[in-house]
Amino acid sequence: MTDDERVPPTSVPVSAVPPASVPLRGSEHGSALGASFYETVGGRPTFEKLVHVFYEGVADDPVLRPMYPEEDLGPAEERLLLFLEQYWGGPGTYSEQRGHPRLRMRHAGFKVNPDARDRWLAHMRTAVDALDLPPLAEETLWDYLQRAAFAMVNTFEE
Ligand code: HEM
């Protein structure tokens, strides 16, 4: 590219000016600053591993396993994967397929008591550990998962 080609023509209308949301770059041709958390932690493979290790724990859990209506945990694993990817700034496939998350509502039919929550979190803890993320990313992810799990409790019945 010659220098001339990089200079925008003076007649460019204001509407053709890039919007302020165009990502800032580390240098003229550097990578975008402020990448999503999803990208920062490694994108799809990271989230695939997270939900996979998590569902390995669920599969062996005598309280949680019977709560899952389907014989095959694969579809549930896929739904959690898509939700978490979307939440953290990855593809919006979850809502394309399932609509608005409304997670509390979607859990209303399941008995999510403190025991179920703690089991859910224990399997998530194992899964988060398996990712070996840098401390700040790990803390960010774990903090969210804990808050989300506490918010999902819908009964205190044993
Ligand atoms: C606190 C304990 C929790 C229990 C016992 C629990 C249990 C369940 C069960 C039994 C299902 C139905 C399986 C399916 O068809 O997908 C489900 C669905 C789901 N759960 Fe949880 N869950 C818990 C917490 C959470 C949390 C904290 C999140 C999000 C961070 C979450 C995200 C999801 C999603 C995205 C679905 C699929 C919703 C859909 O599109 O139908 N769950 N959960």
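In what follows, the accompanying structure is described. In this text, all values refer to a predicted model and were calculated from it rather than measured experimentally. (Residues numbered from 1 in each chain as written. Predicted model: local features only at pLDDT ≥ 70, side-chain atom pairs only at ≥ 80, totals over all residues. Heavy atoms only, no water.)

1. Some words on the environment of glycine 109
Now for step 1: Of note, glycine 109 is situated in the loop between helix H6 (103-106) and helix H7 (114-131).
Now for step 2: In this structure, the C-alpha to C-alpha distance between glycine 109 and asparagine 154, residues 45 residues apart in sequence, is 9.4 Å. (Helix = DSSP H or I, 4+ residues; strand = E, 2+ residues; numbered from the N terminus.)

2. Thoughts on the packing of helix H3 (residues 44-59) against H7
Now for step 1: Close contact between H3 and H7 brings their axes to 8 Å; oriented N to C, the two are set at 140°. As judged from the angle between their axes, H3 and H7 are oblique. Crossing hand, H3 versus H7: right-handed. Here Thr46, Lys49, Leu50, Val53, Phe54, Gly57 and Val58 of H3 come into contact with H7, specifically with Trp120, His123, Met124, Thr126, Ala127, Val128, Ala130 and Leu131.
Now for step 2: A class-by-class count of the residues in the contact of H3 with H7 yields 10 nonpolar, 4 polar and 1 charged. (Axes fitted to C-alpha atoms, helices over the stretch in contact; angles between N-to-C directions. Parallel < 35°, antiparallel > 145°, perpendicular 65-115°, else oblique. Left-handed = near helix turned anticlockwise from the far one by under 90°. Contact = heavy atoms within 4.5 Å. Nonpolar A, V, L, I, M, F, W, Y, C, P; charged D, E, K, R; others polar.)

3. Digging into the pattern of salt bridges
Now for step 1: The full count for this structure, using the stated rule, is 9 salt bridges.
Now for step 2: Note that arginine 44 and glutamate 48 form a salt bridge whose closest N and O atoms lie 3.6 Å from each other. On the criterion of helical spacing, the pair formed by arginine 44 and glutamate 48 is a turn pair, its members being 4 residues apart in helix H3.
Now for step 3: Accessibility expressed as a relative area gives 36% for glutamate 48, which makes it partly exposed.
Now for step 4: Residue aspartate 143 is joined to arginine 147 by a salt bridge in which the shortest nitrogen-to-oxygen separation is 3.1 Å. One end of the pair is aspartate 143 and the other is arginine 147, both in helix H8 (residues 135-152) and 4 residues apart, which spans about a single turn.
Now for step 5: By relative accessible area, which is 32% here, aspartate 143 ends up partly exposed.
Now for step 6: Within the structure, one salt-bridge network assembled from shared partners comprises Arg44, Glu48 and Glu85. (Salt bridge = Lys/Arg side-chain N within 4 Å of Asp/Glu carboxyl O. Buried < 20%, exposed > 50% of the residue type's maximum accessible area, 1.4 Å probe, protein only.)

4. A closer look at the packing of aromatic side chains
Now for step 1: On inspection of all chains with the given rule, the structure shows 10 aromatic pairs.
Now for step 2: Between tyrosine 38 and phenylalanine 47 the ring centres are 5.4 Å apart and the planes differ by 25°, which places this aromatic pair in the stacked class. The same class applies to tyrosine 38 and to phenylalanine 47, which are both buried.
Now for step 3: Stacked on the ring of phenylalanine 150, the Lys or Arg arginine 117 has its end atom at 3.9 Å from the ring centre.
Now for step 4: We note arginine 125 situated over the ring of tryptophan 142; from NZ or CZ to the ring centre the distance is 4.7 Å. (Phe/Tyr/Trp six-rings, centres within 6.5 Å; stacked < 30°, edge-to-face > 60°. Lys NZ or Arg CZ within 6 Å of the ring centre and 35° of its normal.)

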